[in-house]
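Listed below are the residues making up each chain.
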Amino acid sequence: MKRVIKLLIYYLAYTFGIGWLFYGGYMIAHRTLEMPPVTDPAFFNLSVWAQLLATLAVGVHLLVWGYVRRDDLKLNFPNAGKVMLVAAVFIVGMGFWTNYLTELTRLPDNLKAVFEMSMNHPAGIVSIVFLAPVVEELLLRGAIQGHLMRIWKNPAWAIVLSSLIFGLMHGNPVQIFFAFLTGVALGWMYCRTGSLLPGMLMHFINNGSSVLLYHLSGGSDETMAESLGTYGAAGLALAGVALTVLCIWLVKARLVPCQMTWHAAAGAEKNKEENELTL
């Protein structure tokens, strides 16, 4: 767990460190000690660029310091092309029923205005659609979950913990539930294939489709029930459940029948972790 804590500290240090460099510059330029609301156009513009650079810095750190294995970024698993195709269908199917459940929970969306502004900002779109899927998979699945699966006998616990961190990192009640469920699916794909690429593709489709649907709808805030009707929304959710089950079965029974062997000698992994603490 030392490595997990250390990586989360790195993530927070980059996020807040780079953020405060931008925020400090803003306050100096405006000769004020008061933080403006995040929806202030000038301040929001700085925040988006700060978040983009912080995310990029985290990704570079993980790769340069070797927290992610090279094999994690290869299509070196059975039926790779078919798995990637199924992964794309998998996340679309999940989106149908997870969005439906999220709407039923009626959890507060405290960052709605910020996300809408981000989806109308070029740097925000790049960060949401491209950088986040890559860097979050490197951190949550590659560096954290992969490490835990190599030292814990039951990989399920590693998937649950990394998914819980994934959900909490979003910091928004309505997203925590959705992100946790999505994280479990991404973590399972990584556990099954030993590659981060299926999860990155799924993450890209999930985030990209959200941005695309937002723009296609003209920023409309309609729920599934409002746009499809009560029975239409429920039917689409059930179809999503069926697609999800089918994709899991295809990957597990047909495409990647043998799960990756993750458990390694605890002593060797512990020594590696101790050496990493000096970085």
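Predicted model only: the values in this text are computed from it and were never measured.

### A word on the overall build of the chain
Next up, step 1: Helix and strand counts for the chain come out as 11 helices and 0 strands.
Next up, step 2: The linear arrangement of helices and strands in the chain, starting from the amino end, is α-α-α-α-α-α-α-α-α-α-α.
Next up, step 3: Relative to the globule expectation of 19 Å for 279 residues, the C-alpha radius of gyration of the chain, 20 Å, shows essentially globular dimensions.
Next up, step 4: C-alpha extents for the chain along the principal axes are approximately 60 × 55 × 30 Å.
Next up, step 5: Within the chain, the proportion of its 279 residues that are buried is 43%.
Next up, step 6: Across the chain, the mean location of the 18 positive side-chain charges is 14 Å away from that of the 16 negative side-chain charges.

### Overview of the confidence of the model for the chain
Next up, step 1: Taken as a whole, the chain shows an average pLDDT of 91; of its residues, 94% reach a score of 70 or greater.
Next up, step 2: Least confident of the elements in the chain is helix α11 (residues 266-276), whose mean pLDDT is 52; most confident is helix α10 (residues 230-255), at 97.

### Section: helix α7 (residues 173-193)
Next up, step 1: Spanning 21 residues, α7 covers 31 Å between terminal C-alpha atoms, matching the ideal 30 Å at 1.5 Å per step.
Next up, step 2: Positive backbone phi, approximately 75°, marks Gly194, located one or two places after α7.

### Brief notes about the packing of helix α1 (residues 2-29) against helix α5 (residues 122-151)
Next up, step 1: It is at 10 Å that the axes of α1 and α5 come closest, and there the two elements cross at 165°. Between α1 and α5, the crossing angle belongs to the class labelled roughly antiparallel. Between α1 and α5 lies a crossing of right-handed hand. Taking contact as the criterion, the partners of Arg3, Val4, Leu7, Leu8 and Tyr11 in α1 are, on α5, Leu139, Ala143, Ile144, His147 and Leu148.

### Description of a nonpolar patch on the surface
Next up, step 1: A contiguous nonpolar surface patch, about 450 Å² in accessible area, is contributed by Leu53, Leu56, Val60, Val64 and Trp65.
Next up, step 2: When you line up the elements, Val64 lands in helix α2 (residues 41-64).
Next up, step 3: Take Val64: its relative accessible area is 60%, and that puts it in the exposed class.

### A short note on the packing of α2 against α5
Next up, step 1: In contact at an axis separation of 9 Å, α2 and α5 are set at 30° when each is read in the N-to-C sense. On the basis of the axis angle, α2 is roughly parallel to α5. The handedness of the crossing between α2 and α5 is left-handed. Of α5, the residues touching α2 (which contributes Val48, Trp49, Gln51, Leu52, Thr55, Leu56, Val58, Gly59, Leu62 and Leu63) are Ala123, Gly124, Val126, Ser127, Leu131, Val135, Leu138, Leu139 and Ala143.
Next up, step 2: In terms of residue class, the contact of α2 with α5 is made up of 14 nonpolar, 5 polar and no charged.

### A word on the environment of Val68
Next up, step 1: Within the element layout of this structure, Val68 appears in the loop between α2 and α3 (80-105).
Next up, step 2: If we ignore the near neighbours within four places in the chain, the residues touching Val68 are Leu62, Leu138, Gly142, Ala143 and Leu196.

### Considerations on empty space enclosed by the protein
Next up, step 1: Per the stated rule, a full pass over the model turns up 1 cavity of 30 Å³ or more.
Next up, step 2: In this structure, the largest cavity encloses a volume near 50 Å³.
Next up, step 3: Residue lining of the largest cavity: Leu7, Tyr10, Tyr11, Tyr14, Val58, His61, Leu62 and Leu139, and that is the complete set.
Next up, step 4: Of all the secondary structure elements, the ones that give two or more residues to the lining of the largest cavity are α1 and α2.

### Let's talk about the nonpolar core
Next up, step 1: Among the nonpolar cores identified, the biggest contains 48 residues, and Leu7, Leu62, Phe90, Ile144, Met189 and Met202 are the most heavily contacted of them.
Next up, step 2: Only α1, α2, α3, α5, α6 (155-169), α7, α8 (197-216) and α10 provide two or more residues apiece to this core.
Next up, step 3: No other element matches α3, which puts 9 residues into this core.
Next up, step 4: Setting aside residues up to four positions removed in sequence, Met202 forms contacts with Ala87, Phe90, Ile91, Ala185, Leu186 and Met189.

About the thresholds
- Residues numbered from 1 in each chain as written.
- Predicted model: local features only at pLDDT ≥ 70, side-chain atom pairs only at ≥ 80, totals over all residues.
- Heavy atoms only, no water.
- Helix = DSSP H or I, 4+ residues; strand = E, 2+ residues; numbered from the N terminus.
- Rg over C-alpha atoms; globule rule 2.2 N^0.38 Å.
- Buried < 20%, exposed > 50% of the residue type's maximum accessible area, 1.4 Å probe, protein only.
- Lys, Arg positive; Asp, Glu negative; His and termini not counted.
- Charge placed at Lys NZ, Arg CZ, Asp CG, Glu CD.
- pLDDT = per-residue confidence, 0-100.
- Expected span 1.5 Å × (residues − 1).
- Axes fitted to C-alpha atoms, helices over the stretch in contact; angles between N-to-C directions.
- Parallel < 35°, antiparallel > 145°, perpendicular 65-115°, else oblique.
- Left-handed = near helix turned anticlockwise from the far one by under 90°.
- Contact = heavy atoms within 4.5 Å.
- Patch = residues over 30% accessible without salt bridge, like charges linked within 9 Å, V, L, I, M, F, W, Y side chains within 5 Å.
- Areas by Shrake-Rupley, 256 points an atom, 1.4 Å probe, with all protein chains shown as cover.
- Salt bridge = Lys/Arg side-chain N within 4 Å of Asp/Glu carboxyl O.
- Nonpolar A, V, L, I, M, F, W, Y, C, P; charged D, E, K, R; others polar.
- 1 Å grid on protein atoms, 1.4 Å probe; cavity = no way out; pocket = protein on both sides within 12 Å on 5 of 7 lines; lining within 4 Å.
- Points joined across faces, edges and corners; volume = space filled by probe spheres on them.
- Core = buried A, V, L, I, M, F, W, Y, C linked by side-chain atoms within 4.5 Å.

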